[in-house]
Amino acid sequence: MANSIISALYCVATPIGNLEDITLRALDVLKNVDIIAAEDTRTTQVLLNKYSITTKLISYHKFSESSRIELFLNYLKEGKSIALVSDAGTPLISDPGNILVEAVIKEGFRVIPISGASAITTLLSAVSRQDEDFKFIGFIERTKNKIEEMITKNSHENLIFYESPMRLMDTLETIYEIYPDKKITVGRELTKKFEEIITDNIKNTIEYYKNNTLKGEIAVLLHKSIENDEIDIDEKIRKLKALKLKDKDISLILSELYNVNKNSVYKKCLDFKH
């Protein structure tokens, strides 16, 4: 393939853990381009060493994105080729590269994707779910209010996000307050020696990680909730009110049984007309 390398920006997917998860095409590109723009040159060097690749490395991370643009554009104008890689996975997926890709296209050069590993598709390929659709939001928000807003807004989506091991428990606790029985899948250390994929409800997942190792790269799938119109919340409120149950008890019961937002059910109870 070496002869087919042109003056272009190659966005090359690299392994997310296991260094053998790289395509032959990706290796060929990394060997034959003039420059490799790497998020962390130390991390990328480990991969290059394994495959005896000696291509020149230049750092390109979120703190140097803008300052490196002119340098890389000049390389392309000289007829040289560049491979863009992140620490792991596919460039531009929660990784630097957007500014560079935009500038390269604007200058009339090609951007060529070299497909490969991604934590998103790796997790999805190992999890049974209701349907094919999903929504990826990158790293989830850090504040409790923002997390609650995001989760509530997307309760009927198969929602995928990244989280750090230091914050995961707090995030799970926040989700638990809204959807205590929400089905969740946590993928930890995907493709690595201590890979772990667990699927359970939020409560059991929190209990599990209180007693088990929680470190490494983490991808999370929040499974979509049952659609409200399929379970007829209003009718169930009517029946439970007929049993003289309190509004708070009704909202708790329905949120537990049907993965609906407890606060929204409570509001429906208050607005309910006999």
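The structure we're discussing is the one just above.
Every value quoted in this text rests on a predicted model; they were computed, and no experiment measured them.

**Q** Residue-level account of the environment of Lys50, with values.
**A** Within the secondary structure, Lys50 is located in helix α2 (residues 41–50). In sequence terms Lys50 and Glu20 are 30 residues apart; their C-alpha atoms lie 9.4 Å from each other.

**Q** Summarise the sheet that holds strand β6 (residues 135–139); cite the residues concerned and give the values.
**A** In space, the 5 strands of this open sheet follow the order β6-β7-β10-β8-β9, with mixed pairing throughout. Each edge of the open sheet is held by one strand with a lone partner, namely β6 and β9 (196–201). Neighbouring strand axes in the sheet, compared pairwise and without regard to direction, differ in orientation by 15° on average. Here strand β7 (residues 159–163) runs beside strand β10 (residues 218–222); their pairing, made up of 5 bridges, is antiparallel. Bridge pairing in β10 links Ile160 to Leu221. Relative to the sheet, helix α7 (residues 165–178) contacts β7, β8 (183–188) and β10, its axis offset from that of β7 by approximately 140°.

**Q** Got a sec to walk through the pattern of salt bridges? Specific residues and values, please.
**A** In total, this model carries 13 salt bridges according to the counting rule given. Lys267 is the salt-bridge partner of Asp271, the closest N and O atoms lying 3.1 Å from each other. Within this pair, Asp271 and its partner Lys267 are both found in helix α12 (residues 262–271), separated by 4 residues, close to a single helical turn. Judged by its relative accessible area of 53%, Lys267 is exposed.

**Q** Got a sec to walk through the sheet that holds strand β2 (residues 35–38)? Specific residues and values, please.
**A** Read from one edge of the open sheet, 5 strands run β3-β2-β4-β1-β5, paired in parallel fashion. If you trace the sheet from one side to the other, it starts and ends with β3 (56–59) and β5 (110–114), each paired once. Across this sheet, the average inter-strand angle for adjacent strands is 25°, counted without regard to direction. Two elements, strand β1 (residues 8–12) and strand β4 (residues 82–85), share 3 bridges in a ladder whose sense is parallel. Of the residues in β4, the one forming a bridge with Cys11 is Leu84. Each of β2, β3 and β4 is contacted by α2, which is oriented at about 155° to β3, the strand it contacts most.

Rules and cut-offs
- Residues numbered from 1 in each chain as written.
- Predicted model: local features only at pLDDT ≥ 70, side-chain atom pairs only at ≥ 80, totals over all residues.
- Heavy atoms only, no water.
- Helix = DSSP H or I, 4+ residues; strand = E, 2+ residues; numbered from the N terminus.
- Pairing = 2+ DSSP bridges.
- Axes fitted to C-alpha atoms, helices over the stretch in contact; angles between N-to-C directions.
- Contact = heavy atoms within 4.5 Å.
- Salt bridge = Lys/Arg side-chain N within 4 Å of Asp/Glu carboxyl O.
- Buried < 20%, exposed > 50% of the residue type's maximum accessible area, 1.4 Å probe, protein only.

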